[in-house]
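Tertiary structure, described
Listed below, chain by chain, are the residues.
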Amino acid sequence: MSSTELPGVRAVAAAVSPAVGTVGVAEGEELRSVALPGLTMTVRSRPPERTGLPPALYVHGLGGSSQNWSALMPLLQDVVDGEAVDLPGFGDSPPPDDGNYSVTGHARAVIRFLDAGGRGPVHLFGNSLGGAVATRVAAVRPDLVRTLTLVSPALPELRVQRSAVPTGLLAVPGVAGLFARLTKDWSAEDRTRGVTALCYGDPRRVSEAGFRAAVAEMERRMELPYFWDAMARSARGIVDAYTLGGQHGLWRQAERVLAPTQLVYGGRDQLVSYRMARKAAAAFRDARLLTLPDAGHVAMMEYPEVVAQAFRELLDERGGS
């Protein structure tokens, strides 16, 4: 593992969280911390196969981290210079100073990161909450986005699936704390199996090594004192974003996106309804739709080769850049 930190970042992180287990890093990946106004973000990267490739940025979903892109990133390192961020309060990133976990707050963090690094415009990827965040970034800062790839984006649904209701309940004040107390005796293995069953179309696609790595990450996260707060506030941020109307509504912002957009939906998704695929394809003005009947909520982890091929085809349409 290669890890670098900007001066003072370690002290900032130590001030908000106790010593916990180390974050998993796949072979060939590197981690670094980036200090920005009001927040610190951990960034996972994989060196591109050659210099001069266009930049890409990957944004994870609720409860996830930059590790959610570890299966996809090596499949695209010959065509993009990829980085994946841990949103504030998730992965190895400490909470934001202002405690703002709204979709707009997360989008602001991504914009600050891109502006500070001068890497834009990027090929922007987002999953679930990260899909809503990426949509907002592409709508308000089109200069930062070359293409947009959204995997099960958390865009407002008129009729939410029953299987998604428990996640939505985390947004209700007090529920996250109650759930934490009720499940305090659950093992990391039990929690990981529950998350896998919820997010994967077929949990059997998770290898034993992958499951053990997920358990280790779950154990690490549960030691963080702000874990449930970040989950609850981010869930509340999604619910709040669903209720916004006018120009700030996510569907209205989807219509404003100028970047060519690749949409990916799973037929077995228990969190974002498969039926929203056609609505999304109609909303984004320059959209391509990939539907995977056997995929769940995290197609980039379940079928990374298929998602990678869809992105390559999007690149080919744009002349490879």
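A quick note: this is a predicted structure, and the numbers were derived from the prediction, not measured. One numbering rule holds for all chains: residues counted from 1, following each sequence as written. pLDDT decides what is reported in this predicted model: residues at 70 or higher carry local features, side-chain atom pairs at 80 or more are listed and counted, and totals for whole chains, interfaces and linings draw on all residues regardless. Processing note: side-chain calculations cover all non-hydrogen atoms of the structure and skip hydrogens and water entirely.

**Observations regarding the pattern of salt bridges**
The working definition used for a salt bridge is a side-chain nitrogen of Lys or Arg within 4 Å of a carboxyl oxygen of Asp or Glu. Summed over the entire model, instances satisfying the criterion amount to 17 salt bridges. One salt bridge connects Arg-312 with Asp-78, and the closest N-O pair in it is separated by 2.6 Å. Linking Arg-312 in helix H12 (residues 304-317) with Asp-78 in the loop between strand E4 (55-59) and strand E5 (81-85), this pair joins segments that are 234 residues apart in sequence. Burial status follows relative accessibility: with a 1.4 Å probe on protein chains alone, a residue under 20% of its type maximum counts as buried, one over 50% as exposed, and anything between as partly exposed. Judged by relative accessible area, which is 23%, Arg-312 ranks as partly exposed. By relative accessible area, which is 22% here, Asp-78 ends up partly exposed. We note a salt bridge from Arg-288 to Glu-317, for which the minimum N-O separation is 2.6 Å. Placement of Arg-288 in strand E9 (residues 287-292) and of Glu-317 in helix H12 is noted, with a sequence separation of 29 residues between them. Arg-288 gets classed as buried once you look at its relative accessible area, which sits at 19%. Judged by its relative accessible area of 52%, Glu-317 is exposed. By sharing partners, the salt bridges in this structure join Arg-32, Asp-81, Glu-83 and Arg-119 into a single network. Every helix listed is a DSSP run of H or I at least four residues long, and every strand listed is a run of E at least two residues long, numbered separately from the N terminus.

**Focus: helix H8 (residues 227-243)**
Helix span, expected: 1.5 Å multiplied by one less than the number of residues in the helix. Between its first and last C-alpha atoms H8 spans 25 Å; for 17 residues at 1.5 Å apiece the expected length is 24 Å, and the two agree. Where H8 is concerned, the buried positions are Phe-227, Trp-228, Ala-230, Met-231, Ala-232, Ser-234, Ala-235, Gly-237, Ile-238 and Ala-241.

**Examining the environment of Val-133**
The topology assignment puts Val-133 in helix H3 (residues 129-140). Separated by 29 residues in sequence, Val-133 and Thr-104 place their C-alpha atoms 7.1 Å apart. Not counting residues up to four positions away in its chain, the partners in contact with Val-133 are Val-103, His-106, Ala-107 and Val-110. The contact rule is simple, with two residues in contact once any of their heavy atoms fall within 4.5 Å.

**A few points about the packing of helix H6 (residues 188-199) against helix H7 (residues 208-222)**
Helix axes are fitted only over the stretch in contact, all axes being lines through C-alpha atoms; the angle between N-to-C directions runs from 0 to 180 degrees. Taken N-terminus to C-terminus, the directions of H6 and H7 make an angle of 115 degrees; their axes are 9 Å apart at the nearest point. Classed by the angle they form, the pair H6 and H7 counts as roughly perpendicular. In the packing of H6 onto H7, the handedness of the crossing is right-handed. Touching Ala-188, Glu-189, Arg-191, Thr-192, Arg-193 and Val-195 of H6 are Phe-211, Arg-212, Ala-214, Val-215, Met-218, Glu-219 and Met-222, all from H7. Following the grouping adopted for this structure description, the nonpolar residues are Ala, Val, Leu, Ile, Met, Phe, Trp, Tyr, Cys and Pro, the charged ones are Asp, Glu, Lys and Arg, and the polar ones are all others, Gly among them. Split into classes, the residues belonging to the contact of H6 with H7 amount to seven nonpolar, one polar and five charged. Here is the rule for angles: anything less than 35 degrees is roughly parallel, anything more than 145 is roughly antiparallel, 65 through 115 is roughly perpendicular, and the remaining ranges are oblique. Less than a right angle of anticlockwise turn of the near helix away from the far helix marks a crossing as left-handed, whereas a clockwise turn marks it as right-handed.

**Observations concerning the nonpolar core**
Counting 54 residues, the largest nonpolar core has Leu-57, Val-110, Phe-113, Leu-124, Val-137, Leu-148 and Phe-284 as its most contacted members. Core analysis: the second largest hydrophobic core is formed by 28 residues, Val-80, Val-151, Leu-290 and Tyr-303 among them. By nonpolar core we mean a set of buried residues, namely Ala, Val, Leu, Ile, Met, Phe, Trp, Tyr and Cys, connected to one another through side-chain atoms within 4.5 Å.

**Some points on the packing of aromatic side chains**
For this analysis, a ring pair means two rings from Phe, Tyr or Trp (six-membered ring only for Trp) whose centres lie within 6.5 Å, classed as stacked if their planes differ by under 30 degrees, edge-to-face if by over 60, and tilted for the remaining angles. Scanning the entire structure with this criterion turns up five aromatic pairs. Between Phe-227 and Trp-228 the ring centres are 5.1 Å apart and the planes differ by 75 degrees, which places this aromatic pair in the edge-to-face class. For the pair shown, Phe-227 and Trp-228 are each scored as buried. An aromatic cluster is present here, built from Tyr-58, Trp-69, Phe-125 and Phe-311 joined pairwise through their rings.

**Considerations on unusual backbone geometry**
Excluding glycine, residues mostly have negative phi values, and the peptide bonds linking residues are mostly trans. The step from Gly-120 to Pro-121 runs through a cis peptide bond, and the omega angle for that step is 0 degrees. Here Pro-121 shows up in the loop between helix H2 (103-117) and strand E6 (122-127). Even without being glycine, Ser-128 reaches a positive phi, approximately 55 degrees. Locating Ser-128 in the fold gives a position in the loop between E6 and H3. By relative accessible area, Ser-128 is classed as buried at 9%. Even without being a glycine, Ser-152 presents a positive backbone phi close to 45 degrees.

**Brief notes about the pairing of strand E7 (residues 145-151)**
E7 sits mainly inside the fold: six of its seven residues count as buried. Relative to E7, E6 runs parallel, the two sharing six bridges. Paired with Gly-126 across the two strands is Leu-150, which belongs to E7. With its strands directed away from the observer, a crossover is right-handed exactly when the path from the first strand over the helix to the second travels clockwise. A crossover links E6 with its parallel partner E7, the connecting element being H3, and its sense is right-handed. At least two bridges found by DSSP between two strands is the condition for calling them paired. As paired strands, E7 and strand E8 (residues 261-266) are joined by four bridges and run parallel to one another. Its bridge partner being in E8, Thr-149 is matched across the sheet by Gln-262.

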